[in-house]
Amino acid sequence: MNVLEAVDLYRFYHSGEEETLALRGVSLHVQTGEIVAVMGPSGSGKSTLLSCLAGLDEPDGGHVVLMGKRLTHKPESVRAAMRAAEIGILLQSRNLFEHLSVIENMRLQMHLARKFDRQRLDSLIDLVGLTHRRHARPSQLSGGEAARAGLAVALSTNPHVLLADEPTGEVDAETEQDIVRLFTSLRQQGGATLIVTHSDELAAQADRIVRLLDGRVING
Ligand SMILES: Nc1ncnc2c1ncn2[C@@H]1O[C@H](COP(=O)(O)OP(=O)(O)OP(=O)(O)O)[C@@H](O)[C@H]1O
């Protein structure tokens, strides 16, 4: 089953006289139990694509279908509700509120999605190896711990699809291995994952690699 599908996405940016064609007719899908890696050089449109897939940005053309329902060209409030219910998002800027502890960040995410689940909270924090750091604030975490905490927050609502932008971008080799293992265990549980990455190691674990160049898919 297609959990997430993008059909012929276009996104243009205008600044002054200049127009950038960030996406030029991108189509892709992610199915249940599948990891799809999106790769491509800097500026090829990966982050723009992820924002459109998450409903954080509206494409200028084309559409996105999430769990059989159109996500694009809907009011922001509707997109936000669909996002909270169905999507886990891990962006490069991370998804942690600085004034909340790891566990409070996870709780907040669950409450926003109206999916509070004490058991899931405990098992996820254990899964990412942060039980002993559950009460730490983001500023008190190492880079690798913060990456794992961000992942725990993204997964706290048990989303149908996880979208991750460079999840291993700033972590050491050991944490990268842990994150790779986490993604593969999610696949075993039937999760659908789309990862934007420059890491060959992470991409090697994907079922498919979608390569972007100048806003176009150059293979699928
Ligand atoms: N808000 C914006 N305004 C104007 N141009 C933008 C904006 N965001 C992105 N772009 C341009 O759109 C193109 C695609 O950018 P995008 O960030 O999606 O690429 P990327 O593949 O994610 O790059 P990177 O690997 O460096 O993060 C680039 O040419 C970028 O300069």
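Here the structure is a predicted model, which means the values were calculated and not measured.

Parameters at a glance
- Residues numbered from 1 in each chain as written.
- Predicted model: local features only at pLDDT ≥ 70, side-chain atom pairs only at ≥ 80, totals over all residues.
- Heavy atoms only, no water.
- Helix = DSSP H or I, 4+ residues; strand = E, 2+ residues; numbered from the N terminus.
- Buried < 20%, exposed > 50% of the residue type's maximum accessible area, 1.4 Å probe, protein only.
- Pairing = 2+ DSSP bridges.
- Axes fitted to C-alpha atoms, helices over the stretch in contact; angles between N-to-C directions.
- pLDDT = per-residue confidence, 0-100.
- Core = buried A, V, L, I, M, F, W, Y, C linked by side-chain atoms within 4.5 Å.
- Contact = heavy atoms within 4.5 Å.

Trainee: Got a minute to help me understand unusual backbone geometry in this structure?
Mentor: Glycine aside, residues mostly have negative phi angles, and peptide bonds mostly take the trans form. At His73, a residue that is not glycine, the phi angle is positive and equals roughly 60°. Tracing the backbone shows His73 in the loop between strand 5 (69-70) and helix 2 (76-86). In this structure, Asp214 takes a positive phi of about 50° despite not being glycine. Secondary-structure assignment places Asp214 in the loop between strand 9 (208-213) and strand 10 (216-219). For Asp214, a relative accessible area of 48% translates into the label partly exposed.

Trainee: Help me understand the sheet that holds strand 10, please; the structure alone is not making it clear to me.
Mentor: Sheet strands pair via backbone hydrogen bonds, and the direction of the pair is either parallel or antiparallel. Strand order across the open sheet formed by six strands is 6-7-8-3-9-10, with mixed pairing between neighbours. Looking along the sheet, the strands with just one partner apiece sit at the ends: strand 6 (87-90) and strand 10. Strand-to-strand, the axes of this sheet are offset by a mean angle of 20°, without reference to chain direction. In this structure, strand 3 (residues 35-39) lies alongside strand 9, joined through four bridges in parallel fashion.

Trainee: What exactly am I supposed to notice about the confidence of the model for the protein chain here?
Mentor: A low pLDDT score tells you not to read the predicted coordinates there in detail. Taken residue by residue, the protein chain gives an average pLDDT of 91. The fraction at 70 or more is 99%. For the protein chain, helix 6 (residues 173-188) is the element with the lowest average pLDDT, namely 83, and strand 4 (residues 61-66) is the one with the highest, namely 97.

Trainee: How should I be thinking about the pairing of strand 8 (residues 192-196) in this particular structure?
Mentor: Two faces, one strand: in a regular strand the side chains alternate between the faces of the sheet. Within strand 8, five of the five residues are buried, which leaves it mostly tucked inside the rest of the structure. The alternating pattern of strand 8 places Ala192, Leu194 and Val196 on one face and Thr193 and Ile195 on the opposite face, and all of these are buried. Relative to strand 8, strand 3 is paired through four bridges, and the arrangement is parallel. The partner of Val36 across the bridge, within strand 8, is Leu194. Where strand 7 (residues 161-165) and strand 8 come together, five bridges link them in parallel fashion. Note on strand 8: the bridge partner recorded for Leu162 is Thr193.

Trainee: I would appreciate a short explanation of the nonpolar core in the present structure.
Mentor: Nonpolar side chains tend to gather and get buried jointly when the protein is soluble and globular. Judged by nonpolar contacts, the single largest core of 36 residues is most densely connected at Met106, Leu151, Leu162 and Phe183. Those elements giving two or more residues to this core turn out to be strand 3, helix 3 (102-112), helix 4 (118-127), helix 5 (143-155), strand 7, helix 6 and helix 7 (200-204). The leading source of residues in this core is helix 5, at eight residues. The contact partners of Leu151, leaving out residues within four places of it in the chain, are Leu90, Leu162, Ile179, Leu182 and Phe183. Of all hydrophobic cores here, the second largest spans 28 residues; its members include Leu49, Val161, Ala192 and Leu194.

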